[in-house]
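The lines below spell out each chain.
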Amino acid sequence: MSTGTRRTVRNTARRVAGAAAAAVLALGALTACQDEDTPDDGGGDGGRPAASASAPATEGADGTLAAEPSVPPSDTTPSSGKALTEDGLAKAALATGEVPGFAVTPLQGGEEPGTEKSDDPDCAPLAAVVNGAPEPAASATVYRTAVDTREEGEDTQTVVTLILTSHPDGGAEQVLSSLRSAVGACAKGFTARGGDGVSTYAEVKTIRGTRAGDDSIAYQVTGALGGDKIPLVFHVVRRGATVVTFYTANFVGGTTPTVPDELILKQTAKLP
């Protein structure tokens with residue numbers, strides 16, 4: 001991919017990659033071209049988290065990164081267990097000023113979820129999160145974008161999508177349990193089909209995660225843009241009947257990006 005293309009993708013990411021419609025929901029278009037550039041076996045450094053942005057991860061016997069917490073849970077107060085409405089989710093979502101240095105805005109550019117479906121049923125939960133619509137289907141959804149304004153103008157400016165979803169009747173617990181199973185079952189990657197064609201994800205693995213809420217999981221899905229690997233990072237946290245998906249990606253290099261701990265902890269603490 002040319003430098004000009006990198007710059008275009010980077011600028012697009014800064015404007016709307018934090019928004020689910022332009023980032024998470026557009027990943028099928030980014031990865032579809034992988035079919036023409038056959039992915040390798042997921043070797044190399046695998047995109048380890050940057051040491052400057054997070055605590056070191058520990059590597060398990062299988063070579064994946066263990067999702068060990070770097071900080072204690074953000075809140076030990078029991079959740080109300082209430083399934084929030086869209087208005088309730090909007091009130092619980094982070095706002096500008098609540099995390100120093102971060103501007104938080106509503107979704108820009110539409111809220112239509114993606115349509116990718118995994119060819120392997122075991123990987124369907126991963127495709128659902130890529131679509132911006134964790135399964136089982138939510139009763140309410142709110143999208144937010146968090147941008148680190150202190151990094152304005154930098155190639156690696158932190159842009160994080162937050163997707164808040166309500167899942168009553170045990171659905172929130174199912175979101176986390178199904179993702180945990182899918183990460184294990186789909187370590188060698190998976191393919192998915194949608195309106196943009198066939199997308200190939202070369203690798204799935206757990207990464208270091210911030211422990212928060214009642215349950216949480218952090219994992220990386222490796223997509224592609226042309227012949228370049230694109231690390232896509234997801235931190236999924238449940239508190240009561242609410243699930244928050246934190247998503248970020250690195251469109252300009254192979255290093256695994258990180259979701260700042262303070263975003264995860266502050267957002268989780270706001271959930272009832």
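Above this text sits the structure in question.
A quick note: this is a predicted structure, and the numbers were derived from the prediction, not measured.

Participant: Please give an account of the overall build of the protein chain that cites residues and values.
Facilitator: Scanning the protein chain from terminus to terminus reveals six helices and twelve strands. The 272 residues of the protein chain split such that 48% are buried. Across the protein chain, the fraction of contacts at a sequence separation of at least 24, relative to all contacts at a separation of at least 6, is 70%. Put simply, the protein chain shows about 11,600 Å² of open surface, and 50% of that area lies on carbon and sulfur atoms.

Participant: Please set out the sheet that holds strand β5 (residues 140–148) residue by residue, giving values where relevant.
Facilitator: On the basis of which strands lie adjacent, the open sheet formed by seven strands has the order β3-β5-β6-β12-β11-β10-β9 and antiparallel pairing. Because the sheet does not close on itself, it has two edges, and the strands there are β3 (102–106) and β9 (203–206). Ignoring which end each strand starts from, the neighbouring axes of this sheet average 20 degrees apart. Pairing analysis gives four bridges linking β9 to strand β10 (residues 215–225), with the strands arranged antiparallel. Bridge pairing in β10 links V204 to V221. In the packing of helix α5 (residues 171–185) onto the sheet, the strands contacted are β9, β10, β11 (228–239) and β12 (242–249), and the crossing angle to β10 comes to about 50 degrees.

Participant: Break down the side chain of T242 for me, citing the residues and quoting the values.
Facilitator: Positionally, T242 belongs in strand β12. Aside from chain neighbours lying at most four places away, what touches T242 is K82, L84, L89, T165, A172, V237 and L271.

Participant: Please give an account of the packing of aromatic side chains that cites residues and values.
Facilitator: Taken as a whole, this structure holds three aromatic pairs when the rule is applied. Summarising the aromatic geometry, the rings of Y219 and F234 are spaced 5.3 Å apart at their centres and angled 20 degrees between planes, so their arrangement reads as stacked. Of the two residues, Y219 sits in strand β10 while F234 sits in strand β11, which places them 15 residues apart along the sequence. Here F234 and Y247 contribute two aromatic rings whose centre-to-centre distance is 5.2 Å and whose plane-to-plane angle is 35 degrees, an arrangement assigned as tilted. Here F234, found in strand β11, pairs with Y247, found in strand β12; they are 13 residues apart in sequence, far enough to count as distant. Neither F234 nor Y247 differs from the other in exposure class; each is buried. Each residue in the set Y219, F234 and Y247 is aromatic and connected to the rest through ring pairs, giving one cluster.

Participant: Describe the nonpolar core, with residues and values.
Facilitator: Formed by 28 residues in total, the largest nonpolar core has its most connected members in L126, F190, V204, Y219, V221, L232 and F234. Contributing elements (two or more residues each) for this core: α4 (124–130), α5, β7 (190–194), β10, β11 and β12. The element that contributes the greatest number of residues to this core is α5, accounting for six residues. Residues within four places of F234 in sequence aside, it is in contact with V129, V130, I217, A218, Y219, V221, T245, F246 and Y247.

Participant: Report on the layout of surface pockets, specifying residues and quantitative values.
Facilitator: Considering only enclosed or pocket space, the second largest pocket measures out at about 290 Å³ in volume. The wall of the second largest pocket is formed by 20 residues, among which G114, A128, N131, A133 and E135 lie closest to the centre. No other element matches α4, which puts three residues into the lining of the second largest pocket. For the lining of the second largest pocket, a count of residues per class yields nine nonpolar, seven polar and four charged.

Criteria and cut-off values
- Residues numbered from 1 in each chain as written.
- Predicted model: local features only at pLDDT ≥ 70, side-chain atom pairs only at ≥ 80, totals over all residues.
- Heavy atoms only, no water.
- Helix = DSSP H or I, 4+ residues; strand = E, 2+ residues; numbered from the N terminus.
- Buried < 20%, exposed > 50% of the residue type's maximum accessible area, 1.4 Å probe, protein only.
- Contact = heavy atoms within 4.5 Å.
- Areas by Shrake-Rupley, 256 points an atom, 1.4 Å probe, with all protein chains shown as cover.
- Pairing = 2+ DSSP bridges.
- Axes fitted to C-alpha atoms, helices over the stretch in contact; angles between N-to-C directions.
- Phe/Tyr/Trp six-rings, centres within 6.5 Å; stacked < 30°, edge-to-face > 60°.
- Core = buried A, V, L, I, M, F, W, Y, C linked by side-chain atoms within 4.5 Å.
- 1 Å grid on protein atoms, 1.4 Å probe; cavity = no way out; pocket = protein on both sides within 12 Å on 5 of 7 lines; lining within 4 Å.
- Points joined across faces, edges and corners; volume = space filled by probe spheres on them.
- Nonpolar A, V, L, I, M, F, W, Y, C, P; charged D, E, K, R; others polar.

Any link to function would need more than the numbers given here.
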